[in-house]
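Chains, contacts and geometry: an overview
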Number of protein chains: 2
Amino acid sequence: MPASEPAEYNPRHYAPVAVTVDVVALTIRDRRLHVLIVERGVEPYAGAWALPGGFIRPDEDLAEAAVRELAEETGVATRPAHLEQLASYGGPGRDPRMRVVSIAYLAFAPDLPDPQAGTDAAAAVWHPVDDVPPLAFDHTRILADGVERARSKLEYTPLATAFAGELFTISDLRLIYESVWGTPLHAGNFHRKVLSVPGFVEGTGQTTETGGPKGGPRAKLYRAGDARLLHPALLRPAREEEIR
Amino acid sequence: MPASEPAEYNPRHYAPVAVTVDVVALTIRDRRLHVLIVERGVEPYAGAWALPGGFIRPDEDLAEAAVRELAEETGVATRPAHLEQLASYGGPGRDPRMRVVSIAYLAFAPDLPDPQAGTDAAAAVWHPVDDVPPLAFDHTRILADGVERARSKLEYTPLATAFAGELFTISDLRLIYESVWGTPLHAGNFHRKVLSVPGFVEGTGQTTETGGPKGGPRAKLYRAGDARLLHPALLRPAREEEIR
DNA sequence: TCGAGTTATTCTCAGCATGAGATTGACTCA
DNA sequence: TGAGTCAATCTCATGCTGAGAATAACTCGA
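Residues numbered from 1 in each chain as written. Chains lettered and ligands numbered in written order. Predicted model: local features only at pLDDT ≥ 70, side-chain atom pairs only at ≥ 80, totals over all residues. Heavy atoms only, no water.

**Points about the overall build of chain A**
Helix and strand counts for chain A stand at five helices and nine strands. For chain A, the sequential pattern of α-helices and β-strands runs β-β-β-β-α-β-β-β-α-α-α-β-β-α. Along the three orthogonal principal directions, the C-alpha set of chain A runs to about 70 × 40 × 40 Å. With the model as given, the accessible surface of chain A reaches about 11000 Å², and the carbon-plus-sulfur share is 51%. Within chain A, the 33 negative side-chain charges are centred at a point lying 6 Å from the centre of the 26 positive side-chain charges. (Helix = DSSP H or I, 4+ residues; strand = E, 2+ residues; numbered from the N terminus. Areas by Shrake-Rupley, 256 points an atom, 1.4 Å probe, with all protein chains shown as cover. Lys, Arg positive; Asp, Glu negative; His and termini not counted. Charge placed at Lys NZ, Arg CZ, Asp CG, Glu CD.)

**Observations regarding the interface of chain A and chain B**
Contacts between the two partners involve 64 residues from chain A, matched on the other side by 65 residues from chain B. The contact between chain A and chain B buries some 4900 Å² in all, and 58% of this surface belongs to carbon and sulfur atoms. Where chain A touches chain B, the interface holds zero salt bridges. Remark: the boundary between chain A and chain B carries seven residue pairs in polar contact (both at pLDDT 80 or more). Those elements that place two or more of their residues in the side of chain A that touches chain B are β1 (17-29), β4 (53-55), β5 (82-89), β6 (99-108) and α5 (240-243) of chain A. Split by residue class, the side of chain A that touches chain B holds 32 nonpolar, twelve polar and 20 charged. (Contact = heavy atoms within 4.5 Å. Buried area = accessible area lost by both parts, 1.4 Å probe. Salt bridge = Lys/Arg side-chain N within 4 Å of Asp/Glu carboxyl O. Polar contact = N/O pair within 3.5 Å; in protein donor to acceptor, adjacent residues only side chain to side chain. Nonpolar A, V, L, I, M, F, W, Y, C, P; charged D, E, K, R; others polar.)

**Some points on the relation of the copies chain A and chain B**
Least-squares fitting of chain A to chain B yields an RMSD of 0.1 Å, with the superposition described by an axial translation of 0.0 Å and a rotation of 180 degrees. Those values place the two copies in the arrangement expected of a two-fold rotation axis. When each C-alpha of chain A is compared by its distance to the rotation axis, A:A87 comes out closest, at 3.1 Å. Most of the interface of chain A is mirrored in chain B, where 100% of its interface residues are also at the interface. (Least-squares fit on C-alpha atoms with pLDDT ≥ 70 in both.)

**Here we look at the protein's contact with DNA strand C**
What surrounds DNA strand C is a group of 24 residues, the closest being A:H191, A:P217, A:K220, B:H186 and B:K193. The sugar and phosphate moieties of DNA strand C supply 60% of its atoms located within 4 Å of the protein. Side-chain polar atom of A:H191 to a phosphate oxygen of DNA strand C: 2.8 Å apart, as the coordinates give it. Within the backbone of B:P213, a nitrogen or oxygen atom sits 3.5 Å from a sugar or linking oxygen of DNA strand C. For the surface near DNA strand C, the secondary structure elements donating two or more residues are α3 (170-181) and α4 (187-196) of chain A together with α4 (187-196) of chain B. Looking at the surface near DNA strand C residue by residue, the classes come out as five nonpolar, twelve polar and seven charged. (Near = heavy atom within 4 Å.)

**Quick notes on the UniProt feature "domain: Nudix hydrolase" (unreviewed entry) in chain A**
The residues that UniProt annotates with the feature "domain: Nudix hydrolase" (unreviewed entry) are residues 19-149 of chain A. Spanning residues 19-149 of chain A, this segment combines 18% helix with 39% strand, and its end C-alpha atoms are found 22 Å apart. (UniProt positions renumbered as here; feature names shortened; annotations may be inferred.)

**Digging into the protein's contact with DNA strand D**
By nearness alone, 24 residues border DNA strand D, and A:H186, A:K193, B:S171, B:G216 and B:K220 come closest of all. What you see for DNA strand D is that sugar and phosphate hold 64% of its atoms within 4 Å of the protein. The contact in question runs from a base nitrogen of DNA strand D to an N or O atom on the side chain of A:H186, over 2.7 Å. Within the backbone of A:P217, an N or O atom sits 3.3 Å from a base nitrogen of DNA strand D. In terms of residue class, the surface near DNA strand D is made up of five nonpolar, twelve polar and seven charged.

In structure tokens:
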């Protein structure tokens, strides 16, 4: 915790440290998981792609800073459906200018309009996560951690609904799981499973207006339920290679 | 990410921020989960209990800083069996002196000798987590987050073995789960479950020298296996209240 | 208008994992 | 020596899982 000897109360007796927030903002477009990245307009790494982020301000909370940077750099003004702290990255040398400790946040949103480059950014785009160019700083690693967190949280929380709109079908939900996990799921079993988890989804009595574009009956519409945890959980197919 | 305009490269243009690490070090003593806390020797909160921690140094990684602070403040020089980043806490006002962002780490260790107060600490003790006095700063909250993380990770990782010594019996392992979760478990089912998870434990062919202090046969001794994830997971009994 | 193809929803069924309880036999202590 | 303890194993009813199939509502192009 803070301090030891009185001398240490004065930050100038310490090597200067800067604190930033970086945001891994995820959404689903065209059945693929996308991340919001910006083209840096300033040095270092000017011209390189990076996660949106920036220095915290003296009077704002860390999460507030994440939302603000998202809005400033990308024009994504909608508050994300879900925002959670991911992890912190602070090894010496990760920024060539000075010691920078960065708190990464993970944001989920339903499909949003195209972002607009804002302060400090030359461009801002949604990009498929499985095909991201090398990112500045250690952002490639941060993105990987964020994607893994998202995949994992889909298993035991109703977070997938944060990627969907107000109303959705079970198939919409399944496509979200398939997009995030990158794995096809058994439609019948998924259906049974979702409806059997108390509080995951809530029927509305409504159905879609038409069948799918290629046929099929109208689907029932659901909204997010009040569960905070899925019990039992929806587990990913076992990934043998990750166990050992 | 770092920086915007060149002026911002200079940290003095920003309100000063200090970065600390705090450590939630957990162990099991006398069948109860204990946390390592120190009595602060300096202001602010002098005389209050707190988690061990302190400022990071310019040339060290965050995890290194956590290990160093643990050793300096408590004399716990053994490298913990497991160390992972927990979360960061950085709201304005959490430290009365200045803006302090703290990266919390979670450490697990087998039962260690009593700690010794070191730099900046008037005392250092292992204290049962379910009976901890109010802590300085937001450390009560950090501790709660750490304990919840530990409880949760026992479900799907072989982390419980980090609380055990080199060799342990299935009953030792069960006592660890019971201590951390605060719940009695069915001995027979636990036994079956642990042995059925590939790579969780590895038989040694050895047994304890004697039966238990109150009787019973000698137990087989195991060591930690090579699994990184438990599959299938050992789930806690459902906690109805946490689901909604 | 018709037929082929698509998809939401529901079933079936075998296999595995679970919780609860009981059994066996090795060991302790008084 | 006898009562009590406890590791280890089994039984059994129940529930969840993956895989496959059936049903019926809808689309589209011919």
